[in-house]
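Results of the structural survey
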Amino acid sequence: GCHNAPNCLPYVGEVTKLPQRREALTIALSALKIPKFREQQVIDTTLEYMKSSKSGFEETLLRYKRQGYSVLSERYRFDDFMDALSRMSQFSSPDHSPLYMGDPWMRDGHKYGLGNIALFVANGLMLGIEKDDTCDELNEYRVSGKYALSNSCGQQGLSYQDMVCESSDVPDMACQVDPDMYITAVTSDRTLGAPPALQCGPRSRIPSSGFWDPAENAESDEGEAFANLVGRTDLEGCCWWGRGLLQMKGPCAFGKLNYYLGARAARENRKSMYKDVDFCVNPEAICGSQFRHELVWISAVFKWVDKVQNYEDGEWNYMEQLRKFADNKFEDNVFIKEVNAIVEVGCRHPPCKEAGCVSFPCDGAYSENQNRAVNRAFLTFTILGLWDSFEGSLGGTNSPTPVPSVCPECTGSPTLLPTSAPTATPLMDITSAPSVAPSREVTVLLRRFNDLKEHLINRRELLESKVFITETKFGLASSTLYTLDGLLSVLKDLTTKGSDDGNGGNLMFYIGQDDDKNVNYGLVNIALFLAHATTRGLRSDSCEEVNHDLVEGKIPFSNACGQHSQSYNEDICPMADAARECPLDTTMNVKQASVGSSSAPRFFCAPKSTNPFTGYFDPSSGTNDKSEPFANAIGREDVEGCCWWGRGMLHVSGICEIGRFNFIYGLPAFKDGRPSARYNIDFCVYPEALCSDFTIPSSAFSKFPTTIDTSDIRYLFALYHWMSNIQDFNWGFWNYRERLKLFVDDGMIDDSFVDEFSDIVLDSSRDGPLRKANFKLILEILFSEDQVSPSPFDGSTIDVSLQPS
């Protein structure tokens, strides 16, 4: 009956069963996970706040400069960043902290987590994204006016392979330096005249290394040895250069990553995010494995926690200083510079002995661009709206959406995250000019694209149930390969910034950019593109053309050389583009990866020396016959050099079209230093990479295969073909854009427009009726005011029969 037992008169004595009550309370708290609930709540609040800033990140921060253009990063993607924050904030290990996302026991405690993330991003901009969107460290520090190829061993007086863990680290986590390891960096500086990618390899393969001469734009070919700043002329054991957003480098850093998140954790029966990735065996996995889109972020967040978040220097503690910084409205330049120094060289006040100099002090022991770090931090704070969202007081008062629940037990004093003593692996600064905001012209075009995107998304159900579908043996089904969101993601840049046409001009996907008042032109252009796709990739839910052209009731295997009387090998370019054609290689061996929902036989190409002739597939019996030659419609019985069948959403085929795409987006663009370069692949050598994630084989200097994400090519190849071949089509009296505008202006009722498109532009009247019917249906979807969606896959759905023609 009172609070101060045993003095509760008239009752005297202890509360009965007090120990059992205490135990029961402990069990109840544990079952309800009260502390864990608070921690998860602050994580969720911080993530929701971050997600609301996606457009600002993509339009301003996640960008790099290419020959004066501001380009959205293809490597560092916002959604992957959010995934990394979520996973690393909930990463648990007895001796390693998770990413700090805020104080769970304070009102607006998430502001501390946002400050932590903003400082992480600001440093990542400088070290990775703004420097040509790199993942691997770039060779960028000269010795006597030249770039030593042995800079892979260390730049600015550092020796990366000697960056071992401190003796206090138990167990020893550092990777063992393997002198036989040989690797070539996946990424390098694509600027014209820049030195090649970093490499490492044993002396048995590379006895000595030379230099890259910027004056000659060439590597030394005399075989003379050329030393880096610490005298290295070989590349043995030099595989530990920086990688990822924060340029993790050295055997200790990679070893710790492997110990906590990689194969070593799995081997020792601990929880592992990447149980099949041994970062000590292949440090290039961060940039070149199938998980690279995650690891460029995950490795950086891990390093941030290890080197920055856990940093202590006497009485100076990063976590305490972060809270003071946030409580004072994120305005302390000195703190930002100190954090930048910790990230780059390992301590607050350079020169830092922790940097890893061979002879201290060295250039690599100094932080080079602290003022730019302040600039990047303030830019990030602006994009996140930190100055507007939180007052300069302890804990803050203004809550962003979503508003946290009432917190009666919250205090006014932040709690401290347990820290551990840091180790010192330095990071070097990579300088570049800041990215620029989109121009006013791009902003206007972006507004038009967003309006069009909203229009299409409002009709998502109809489009997905009637257009993005395919026919399977079980009936109609949604496409597994093509989506409206996938198309829109690629379409955005092509409608707002365009693409290089290879001749000094710019191509843009037409959405009525030349008419401010009539967006209908753009909608009709998209409608016809989709209608054509329903006769190609959408029809079979495939990225690769399907073998279906019958000859005497049978399907020749030699249709790989061309269907419907076409010869893909002889699809030559106009004289102006002749040099861009893919050369015919009669030794090529390529096999079709997928036929989608079709049961057709797969294309392949092979030299006559191994396949002197090919046979046919009999659809009536479902059997193959390879016993005797069987010719396709143009008389081909073999498949030598016949590797150029259609690919992408529109099944674009031939040595000219694949060669053109390769010139604009593939390896030739990288070699020329053109800003359109996106894929470090020669599609004329590996045309199969147009339709699947491609792994570049190991080479003399690359022990590990390198996987490159090509998932957006199926859309990009089709859209680029549409921009370069369809939109600019002008033959005699027939001009595509003029006819499109006339069709729209006359009320969109003239069927001759789509009929002439099939006959004149495509020379494909065989599937003209299907294209016409689908075009009309898509127009009804796009221009109907009634947006009530039907049941998916009802009887009125497009006819996408896959019966052989």
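Up top is the structure these notes are about.
Before going into details, it helps to say that this report is about the structure given with it. In this text the structure is predicted, and so the values were computed from the model without any measurement.

1. Overview of empty space enclosed by the protein
To find the voids left in a structure, one rolls a probe of water-molecule size over its atoms. The tally for this structure, following the rule as stated, stands at four cavities of 30 Å³ or more. Looking at the second largest cavity, its volume works out to about 40 Å³. Along its surface, the second largest cavity is lined by Glu137, Leu138, Asn139, Ala185, Thr187, Ser188, Asp189, Pro195, Pro196, Ala197 and Leu198. In terms of residue class, the lining of the second largest cavity is built from six nonpolar, three polar and two charged.

2. Things to note about unusual backbone geometry
Across the junction of proline 350 and proline 351, the peptide omega takes the value 5 degrees, indicating a cis bond. Relative to the elements of secondary structure, proline 351 occurs in the loop between helix H11 (333-345) and helix H12 (370-384). The step from phenylalanine 360 to proline 361 runs through a cis peptide bond, and the omega angle for that step is -5 degrees. With a phi close to 60 degrees, aspartate 132 is a non-glycine residue in the positive phi region. Within the fold, aspartate 132 resides in the loop between helix H5 (110-129) and strand E5 (147-148). Although it is not a glycine, histidine 564 sits at a positive phi angle of roughly 55 degrees. As for its placement among the helices and strands, histidine 564 is situated in the loop between strand E16 (555-556) and strand E17 (590-591).

3. Considering the side chain of aspartate 541
Relative to the assigned elements, aspartate 541 resides in the loop between helix H18 (537-540) and E16. No salt bridge is formed by the buried aspartate 541, whose closest oppositely charged neighbour, arginine 714, lies at an N-O distance of 8.3 Å. Of note is the side chain of aspartate 541, whose polar atom sits 2.8 Å from the side chain of threonine 480. Discounting residues that sit within four places of it in the chain, aspartate 541 has contacts with Thr470, Ser479, Thr480, Leu481, Tyr482, Gly596 and Ser597.

4. Some details on the pairing of strand E13 (residues 475-478)
For strand E12 (residues 469-472) and E13, the ladder comprises four bridges, and the chain directions are antiparallel. Each bridged residue has a counterpart across the sheet, and for glutamate 471 the counterpart in E13 is leucine 476. Connecting E12 to the antiparallel partner E13 that follows it, the hairpin turn spans two residues.

5. A short note on the state of the cysteines
Overall, the coordinates contain 12 disulfides when judged by the stated rule. Between the sulfur atoms of cysteine 175 and its disulfide partner cysteine 280 the distance amounts to 2.0 Å. The chirality of the disulfide connecting cysteine 175 with cysteine 280 is left-handed, given an S-S dihedral of about -75 degrees. Of this pair, cysteine 175 sits in the loop between E5 and strand E6 (183-184) while cysteine 280 sits in the loop between helix H7 (263-267) and helix H8 (285-288), placing them 105 residues apart in sequence. Residues cysteine 175 and cysteine 280 agree in their burial class; the two are buried. In this model, cysteine 543 is linked to cysteine 691 through a disulfide, with the two sulfur atoms separated by 2.1 Å. Every disulfide takes its handedness from the sign of the S-S torsion; for cysteine 543 and cysteine 691 that torsion is -75 degrees, giving left-handed. In this pair, cysteine 543 sits in the loop between H18 and E16 while cysteine 691 sits in the loop between helix H20 (667-672) and strand E21 (694-696), placing the two residues 148 residues apart along the sequence.

6. Overview of the nonpolar core
Counting 103 residues, the largest nonpolar core has Phe81, Leu119, Phe120, Trp304 and Tyr318 as its most contacted members. The element contributing the most residues to this core is H5, with 11 residues. Ile555, Tyr568, Phe729 and Leu782 belong to the second-largest nonpolar core, a separate cluster that totals 92 residues.

7. Focus: the packing of H5 against H12
Between H5 and H12, the least distance of the axes is 8 Å, while the angle of their chain directions is 130 degrees. Considered as vectors, H5 and H12 are oriented oblique to each other. Viewed along their axes, H5 and H12 form a crossing whose handedness is right-handed. Counted together, Leu114, Ala118, Leu119, Val121, Ala122, Leu125 and Met126 of H5 and Arg372, Ala373, Arg376, Ala377, Thr380, Phe381 and Leu384 of H12 form the full contact between these two elements. In terms of residue class, the contact of H5 with H12 is built from 11 nonpolar, one polar and two charged.

8. Some words on the packing of aromatic side chains
Enumeration according to the criterion identifies 44 aromatic pairs in this entry. Summarising the aromatic geometry, the rings of tyrosine 665 and tyrosine 720 are spaced 5.6 Å apart at their centres and angled 85 degrees between planes, so their arrangement reads as edge-to-face. Here the residue tyrosine 665 occupies a position in helix H19 (residues 655-665), and tyrosine 720 occupies one in helix H21 (residues 713-726), the gap between them amounting to 55 residues. Each member of the pair, tyrosine 665 as well as tyrosine 720, carries the same accessibility label: buried. Above the face of the phenylalanine 211 ring, lysine 146 is positioned so that its terminal group lies 5.3 Å from the ring centre. Sitting over the ring of tyrosine 182, arginine 205 keeps its end group 4.2 Å from the ring centre.

9. Quick notes on the sheet that holds strand E20 (residues 623-625)
Pairing is antiparallel across the open sheet formed by three strands, whose spatial order is E16-E19-E20. Looking along the sheet, the strands with just one partner apiece sit at the ends: E16 and E20. Pairing analysis gives two bridges linking E16 to strand E19 (residues 616-618), with the strands arranged antiparallel. Paired with isoleucine 555 across the two strands is phenylalanine 617, which belongs to E19.

10. Topic: the side chain of serine 479
Within the secondary structure layout, serine 479 lies in the loop between E13 and helix H16 (484-496). The buried category is assigned to serine 479, whose relative accessible area is 10%. At 3.2 Å, the side chain of serine 479 forms a polar contact with the backbone nitrogen of leucine 481. Residues in contact with serine 479, not counting those within four places in the same chain, are Phe468, Ile469, Leu538 and Asp541.

11. What to know about the pattern of salt bridges
Enumeration over the complete set of coordinates arrives at 38 salt bridges. The salt bridge involving lysine 54 is made with aspartate 79; its shortest N-O contact spans 3.2 Å. With lysine 54 in helix H3 (residues 54-61) and aspartate 79 in helix H4 (residues 78-89), this residue pair connects regions lying 25 residues apart in the sequence. As a salt-bridge pair, arginine 636 and aspartate 638 come within 2.9 Å of each other at their nearest N and O atoms. Take arginine 636: its relative accessible area is 22%, and that puts it in the partly exposed class. Taken together, the shared-partner salt bridges connect Arg203, Arg232, Asp234 and Glu236 into one network.

12. Thoughts on a nonpolar patch on the surface
A cluster of nonpolar side chains, Leu229, Val230 and Val358, forms an exposed patch at the surface whose accessible area comes to about 240 Å². Mapping valine 358 onto the fold places it in the loop between H11 and H12.

13. What about helix H9 (residues 292-309)?
When the terminal C-alpha atoms of H9 are compared, their 24 Å separation across 18 residues agrees well with the 26 Å that a helix rising 1.5 Å per residue should span. When you tally the buried positions in H9, you get 17 out of 18 residues, the bulk of the element.

Thresholds, definitions, all that
- The residue numbers shown here count from 1 along each chain, following its written sequence.
- Where local features are concerned, this predicted model is filtered to residues with pLDDT of at least 70; where side-chain atom pairs are given and counted, the filter is 80 or more; whole-chain, interface and lining totals use all residues.
- Side-chain figures throughout are based on the complete set of non-hydrogen atoms in the structure, without hydrogens or water.
- For cavity detection a 1 Å grid was placed over the protein atoms alone, and a set of points counts as a cavity when a 1.4 Å probe fits there but cannot get out; an open set counts as a pocket when protein lies on both sides within 12 Å along at least five of seven lines, with lining residues being those that have an atom within 4 Å of a point.
- Grid points are joined across faces, edges and corners, and a volume is the space filled by probe spheres set on the points.
- Ten residues, namely Ala, Val, Leu, Ile, Met, Phe, Trp, Tyr, Cys and Pro, are considered nonpolar, four, namely Asp, Glu, Lys and Arg, are considered charged, and the remaining ones, Gly among them, are considered polar.
- Helix and strand assignments come from DSSP, with helices taken as H or I runs of at least 4 residues and strands as E runs of at least 2, each series counted from the N terminus.
- We call a residue buried when its accessible area falls under 20% of the maximum for its residue type, exposed when it is over 50%, and partly exposed in between, using a 1.4 Å probe and counting protein chains only.
- Asp and Glu are treated as the negative residues and Lys and Arg as the positive ones, with His and the ends of the chain left uncounted.
- Whenever Lys or Arg places a side-chain nitrogen within 4 Å of a carboxyl oxygen from Asp or Glu, that contact is recorded as a salt bridge.
- Two N or O atoms form a polar contact when they lie within 3.5 Å of each other; inside protein one atom must be a possible hydrogen donor and the other a possible acceptor, and for residues adjacent in sequence the pair counts only when both atoms belong to side chains.
- The contact rule is simple, with two residues in contact once any of their heavy atoms fall within 4.5 Å.
- The pairing criterion is simple: DSSP has to find at least two bridges between the two strands.
- In this description, a disulfide is simply a cysteine sulfur pair whose atoms lie within 2.5 Å.
- Put simply, a nonpolar core is a bunch of buried Ala, Val, Leu, Ile, Met, Phe, Trp, Tyr and Cys residues held in one set by side-chain atoms that sit within 4.5 Å of each other.
- Lines fitted to C-alpha atoms define the axes here, with helix axes fitted over just the stretch in contact, and angles between the N-to-C directions of these axes take values from 0 to 180 degrees.
- Working definition: roughly parallel below 35 degrees, roughly antiparallel above 145 degrees, roughly perpendicular at 65 to 115 degrees, and oblique for all remaining angles.
- The crossing is said to be left-handed when, going from far helix to near helix, the turn is anticlockwise and less than a right angle, and right-handed when the turn is clockwise.
- Aromatic pairs are defined between Phe, Tyr and Trp rings, using the six-membered ring for Trp, whenever the two ring centres lie within 6.5 Å; interplanar angles under 30 degrees are classed as stacked, those over 60 as edge-to-face, and all others as tilted.
- Here, a charge over a ring is recorded when the distance from Lys NZ or Arg CZ to the ring centre is within 6 Å and its angle to the ring normal is within 35 degrees.
- Note on patches: the residues involved have over 30% relative accessible area and no salt bridge, like charges join within 9 Å, and the nonpolar side chains Val, Leu, Ile, Met, Phe, Trp and Tyr join within 5 Å.
- Residue exposure ignores everything except the shown protein chains as possible cover, and the areas themselves are Shrake-Rupley values with a 1.4 Å probe.
- To estimate the expected span of a helix, subtract one from its residue number and multiply by 1.5 Å.

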